[in-house]
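# A look at the structure
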Amino acid sequence: MPRVAKAVELPVLSPLDRQAGPLGRQLAAQLRDAIRSGALRPGELLPATRLLAASLGVARGTVVDAFDQLAAEGLLQPKGGGGTRVARQSANRAATVPAAPADYVRPLPAAAARYAEIAATMYPLPAAPFAISVPTGRVAPDDSWRKLSNRVRATRVGAPAGYADPQGLRSLRVAIADYVRRARSVVCTPDQVIVTAGTQQGLYLACAVLLGENDQAWVEDPAYLGITALLESTGRPGRIVRVPVDADGLRVDEGLRRAPHARAAFVTPSHQYPLGMPMAPPRREALLAWARARNAWIVEDDYDSELRYAGHPYPALQGQDSRHVVYLGTFSKILFPSLRIGYLIAPPDLAPAFCGARIMMDRHPPTADQHVLAAFIAEGLLDRHVRRIRKAYADSRSALIALLRTTLPPGLAEVQPIDQGVHLLVWLHASLDDVRLARQAAEAGVAVRPLSVTYSAQAPQRRPGLILGFGGYALDKMTQAAQTLAALIAQSAPGR
C-alpha cells in the first residue's frame, strides 16, 4: 500500500513581522485564514510545533500558543501524541466565495475556444469495435515485448537519471534508420532521425520549423484532423490551402492553381487518410517537381505503410528526394498507441532546426521505452511482430467486410474496402448525418468516427460516412457492433 504524506507543507504562511505585534497572534491569524479559505482542509495534519517553529525562525512556545488559540476556537484538534489536525467541523466555518451571477460568462482567450473544440473532436475512443488502432487479441504485442522490457529495465541503462539526447536515443535512431531503409526505401542516416511522441508531435514540429507567419500550406481535402486542427489552432487558418483528393490522390494541378507559392504540402501518399488510396506515380512526380521548383517542403505522413494486404507497397516519397521531404512515421499502429514513440526524418540541413524545436517542446523523449524499442528492432522482433499482425489484421479486415455487406441496410450504407492500414469506410446516404450517427453509436457502445468532418466545409465532394477500425476484435463482438450500427443507420433513414 503506498505511503501517504502525514503532514501538509504550509506555503500559505507568510514571514512573520516582529514589528507588527505578537508573533503568536500573527501566526494564528494566518492559520485561521488558511482554514477558512480552504487552503488547509478538515482532517489535515499540521507540522509538528518544533519543526514549524524552526522553519519560521520563532520559539516553539509561539507556535504552541497559536495552536492552542485555534484549538479553543474549534478550528484545530490536538491528538495528544498524534499531532494536531484541522478540525473536521471547520468545514462548516470556512468562508465561502460569493457565487457569480447565473448569467455570467467569463470571457476566454480566442485560442481557448479552438483548443476546446479540438478536445471535443479528437477525443480517444473506448476500446470497443470499431475504434481504430486498439491492439487487442491477436494484434496485441506478445510476451516478447514484456520479456524484453523486463530485461532492459533490470539494467541500469534502462533507467537513466540524467537528461538525454533531444533527438532520441542513439541506438534507437540507428535501428529506425535501418528499419525504414529496409521497409520503406527511406534514405537517411541516424543523425537525421528525431524521435517524437507520435505523428502528432512530428506534425507540430514540421509546422514550427517549416512555416513562417505568412506561409501557405497545402493540405489534403479530406485530411487527418490532426493537421487541420494544428494549423488552425496555431493562428494559420487563412494559410491552409485545402487541395482536393481523387482516386489518384492529391490533385497537384489544383494545388498549383490555388497556391503555387505554398511553402509546404502535408500529404499521406502511401495511404491517403481517410479515403485509403495511394497517390499515383504521375501525381508523386508532379508533387516532387513542384517542391524542387519552388524550394518547398513535402511533409510525408507514412502512418501505417507496413500494413498492406493486396498489391505491392509503394515506396516512400522520401526515398525519391531526401532533400525536400520531411518523413513522419509512428509505432502506434504496429505496436500500441500508448507507447507514444514515433519518428521524424529531416533533410540533413534541417536536422539541427528540428532538434532545437524538439528541445523547446519537451526537452527529450522519455528514455526507458526507447531502450526497449531499440532492442526490439535490433533483435528482429519488430519484423516478426509485423508479419504476425499483418496476417491477423488481414483476417479481421476480411471478416468485417463480409459482415458489413450482409448487415448494413442497402441504399443507406455501403462498405468501401481499403487495401492498407487498420480502417475502412462506410459511405452513407447523402441525407444521413454521420456526426449524429457517430454520437448515437457511442451511446450504444460502438466506436466509430464521422467522415464528413475531415473535409473542408466548402468541399463539393464532401460526403457523409463512417470510419471503422478493424483491430483484433473477436468476431462475436464485431457482429454485435455491426448489427447495432446497422439498426442505428436504418432508424436514421428519411421518413423514419
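Because the structure is a prediction, the values reported are computed rather than measured.

### Describing the overall build of the protein chain
- Along the backbone of the protein chain there are 15 helices and 14 strands.
- Computed over the C-alpha atoms, the radius of gyration of the protein chain is 29 Å, more than 25% above the 23 Å expected from 2.2 N^0.38 for a compact globule of 496 residues.
- Along the three orthogonal principal directions, the C-alpha set of the protein chain runs to about 85 × 60 × 50 Å.
- Residues classed as buried in the protein chain amount to 50% of the 496 residues present.
- Put simply, of all contacts in the protein chain between residues at least 6 apart along the chain, 72% involve residues at least 24 apart.
- Accessible surface, the protein chain as shown: approximately 23,700 Å² in total, 54% of it carbon and sulfur.
- Between the averaged position of the 57 positive side-chain charges in the protein chain and that of its 42 negative side-chain charges there is a distance of 5 Å.

### With respect to the pattern of salt bridges
- Considering all chains together, one arrives at 20 salt bridges under this definition.
- Aspartate 383 is the partner of arginine 182 in a salt bridge, and the nearest nitrogen-oxygen pair spans 3.0 Å. One end of the pair, arginine 182, is in helix H6 (residues 170-184); the other, aspartate 383, is in helix H13 (residues 381-407), and 201 residues separate them in sequence.
- Here arginine 182 falls in the partly exposed class, since its relative accessible area comes to 39%.
- Ionic pairing is found between arginine 292 and aspartate 321, a salt bridge with its closest N-O pair at 2.8 Å.

### Considering the packing of aromatic side chains
- Inspection of every chain in the model, using the stated rule, returns nine aromatic pairs.
- Summarising the aromatic geometry, the rings of tryptophan 218 and tryptophan 290 are spaced 4.1 Å apart at their centres and angled 15° between planes, so their arrangement reads as stacked. Of this pair, tryptophan 218 sits in strand E4 (residues 217-221) while tryptophan 290 sits in helix H10 (residues 281-294); the two residues are 72 residues apart in sequence, bridging distant segments of the chain.
- By relative accessible area, which is 3% here, tryptophan 290 ends up buried.
- Judged by centre distance (5.8 Å) and plane angle (85°), the ring pair of tyrosine 273 and tyrosine 303 falls under edge-to-face. With tyrosine 273 in the loop between strand E7 (264-267) and H10 and tyrosine 303 in the loop between strand E8 (297-301) and strand E9 (325-330), this residue pair connects regions lying 30 residues apart in the sequence. The pair tyrosine 273 / tyrosine 303 is uniform in exposure class, with both members buried.
- Chaining the aromatic ring pairs together yields one cluster made of Trp145, Phe336 and Phe376.
- Its end group placed over the ring of tryptophan 427, arginine 463 keeps NZ or CZ at 4.0 Å from the ring centre.

### Considering a nonpolar patch on the surface
- Together, Tyr115, Tyr204 and Met361 give the surface a local cluster of nonpolar side chains, amounting to about 280 Å² of exposed area.
- Note on placement: tyrosine 115 falls in helix H4 (residues 110-121).

### Side note on the packing of helix H1 (residues 23-37) against helix H3 (residues 60-72)
- Where H1 contacts H3, the two axes come as close as 8 Å, and the packing angle between them is 50°. The angle between the axes of H1 and H3 places the two elements in the oblique class. Remark: the crossing between H1 and H3 carries right-handed chirality. Side by side, H1 and H3 meet where Leu23, Gly24, Leu27, Ala28, Leu31 and Arg32 of the first sit next to Thr62, Val63, Ala66, Phe67, Gln69 and Leu70 of the second.
- A class-by-class count of the residues in the contact of H1 with H3 yields eight nonpolar, three polar and one charged.

### Digging into the sheet that holds strand E14 (residues 465-469)
- Ordered in space as E11-E12-E14-E13, the four strands form an open sheet in which the pairing is antiparallel. Each end of this open sheet is capped by a strand with a single partner; those strands are strand E11 (413-416) and strand E13 (449-450).
- Across four bridges, the pairing between E11 and strand E12 (residues 423-428) is antiparallel. The residue of E12 that forms the bridge with valine 415 is valine 426.

### Some thoughts on the UniProt feature "domain: HTH gntR-type" (unreviewed entry) in the protein chain
- Following the UniProt record, the feature "domain: HTH gntR-type" (unreviewed entry) maps to residues 21-89 here.
- The distance separating the terminal C-alpha atoms of residues 21-89 is 30 Å; by composition the span is 52% helix and 9% strand.

### Quick notes on the sheet that holds strand E3 (residues 193-196)
- What the eight strands build is an open sheet, ordered E3-E10-E9-E8-E7-E4-E5-E6; its pairing is mixed. Every other strand in the sheet has two partners, leaving E3 and strand E6 (249-250) as the edge strands with one partner each.
- Note: E4 against E7, three bridges, orientation parallel. Residue pairing across strands places tryptophan 218 opposite alanine 265, the latter belonging to E7.
- H6 rests against E3, E9 and strand E10 (342-345) of the sheet, and its axis sits at about 105° to E3.
- In the packing of helix H11 (residues 351-362) onto the sheet, the strands contacted are E3, E9 and E10, and the crossing angle to E3 comes to about 20°.

### Brief notes about the nonpolar core
- Among the nonpolar cores identified, the biggest contains 73 residues, and Phe331 and Leu373 are the most heavily contacted of them.
- Composition of this core by domain shows at least three residues from each of domain 2 (115-124 + 140-384) and domain 3 (387-492).
- Counting residues in hydrophobic clusters, the runner-up holds 27 residues, among them Leu210, Leu211, Val219 and Ala351.

### Observations concerning the environment of leucine 230
- For leucine 230, the position within the fold is in helix H8 (residues 225-233).
- The exposure class of leucine 230 is buried, given its relative accessible area of 5%.
- Along the backbone, leucine 230 and threonine 454 are 224 residues apart, and their C-alpha atoms lie at a distance of 13 Å.
- Residues in contact with leucine 230, not counting those within four places in the same chain, are Gln200, Leu203, Tyr204 and Cys207.

### Details of the pairing of E12
- Within E12, six of the six residues are buried, leaving the element largely enclosed by the surrounding structure.
- Across the two faces of E12 the burial is the same, with His423, Leu425 and Trp427 and Leu424, Val426 and Leu428 all buried.
- Taking the residues that link successive antiparallel strands as the turn, the E11-E12 hairpin has six residues, and the phi of glycine 421 there is positive, at about 90°.
- One ladder, built from five bridges, connects E12 with E14; its direction is antiparallel. Considered in E14, the bridge of tryptophan 427 is made with glycine 465.

About the criteria used
Note on numbering: residues in each chain are counted from 1, in written sequence order. Only residues with pLDDT of at least 70 get local features here, since the model is predicted, and only at 80 or more are side-chain atom pairs given and counted; chain-wide, interface and lining totals rely on the full set of residues. To obtain the side-chain values, all non-hydrogen atoms of the structure were included, while hydrogens and water were left out. For the purposes of this entry, the term helix denotes a DSSP run of H or I that reaches at least four residues, the term strand denotes a run of E that reaches at least two, and both are numbered from the N terminus. For this measure, only C-alpha atoms enter the radius of gyration; the expected value for a globule follows 2.2 Å times N^0.38, where N is the number of residues. To sort residues, take the accessible area from a 1.4 Å probe on protein chains only and compare it with the maximum for the residue type: under 20% means buried, over 50% means exposed, and anything in between is partly exposed. Working rule for contacts: check all heavy atoms of both residues, and any pair within 4.5 Å makes them a contact. All accessible areas in this document rest on Shrake-Rupley with a 1.4 Å probe, and a residue is counted as covered only by the protein chains that are shown. His is not counted, nor are the chain ends; Lys and Arg add positive charge and Asp and Glu add negative charge. To locate a charge, the coordinates of NZ of Lys, CZ of Arg, CG of Asp or CD of Glu are taken. Here, a salt bridge means any Lys or Arg side-chain nitrogen found within 4 Å of an Asp or Glu carboxyl oxygen. Two aromatic rings, drawn from Phe, Tyr or Trp (for Trp, its six-membered ring), form a pair once their centres lie within 6.5 Å of each other, and the interplanar angle then sorts them: stacked below 30 degrees, edge-to-face above 60, tilted otherwise. When the NZ atom of lysine or the CZ atom of arginine is within 6 Å of a ring's centre and also within 35 degrees of its normal, the charge is said to sit over that ring. Each patch is assembled from residues with relative accessible area greater than 30% and no salt bridge, linking like charges that lie within 9 Å and nonpolar side chains (Val, Leu, Ile, Met, Phe, Trp, Tyr) that lie within 5 Å. What counts as an axis is a line fitted to C-alpha atoms, over the stretch in contact for a helix, and the angles between N-to-C directions run from 0 to 180 degrees. Geometric relationships in this document are graded by angle, where less than 35 degrees denotes roughly parallel, more than 145 denotes roughly antiparallel, 65 to 115 denotes roughly perpendicular, and other angles denote oblique. The handedness criterion is simple: a crossing whose near helix is rotated anticlockwise from the far helix by less than a right angle is left-handed, and one whose near helix is rotated clockwise is right-handed. Here the term charged refers only to Asp, Glu, Lys and Arg, the term nonpolar to Ala, Val, Leu, Ile, Met, Phe, Trp, Tyr, Cys and Pro, and the term polar to all other amino acids, Gly among them. Two strands pair if DSSP finds at least two bridges between them. UniProt positions are given in the numbering used here, feature names are shortened, and annotations may be inferred rather than shown by experiment. We define the nonpolar core as a collection of buried residues of types Ala, Val, Leu, Ile, Met, Phe, Trp, Tyr and Cys that are connected through side-chain atoms lying within 4.5 Å of one another. Either an automatic procedure or a domain database provided the assignment from which the domain bounds are taken.

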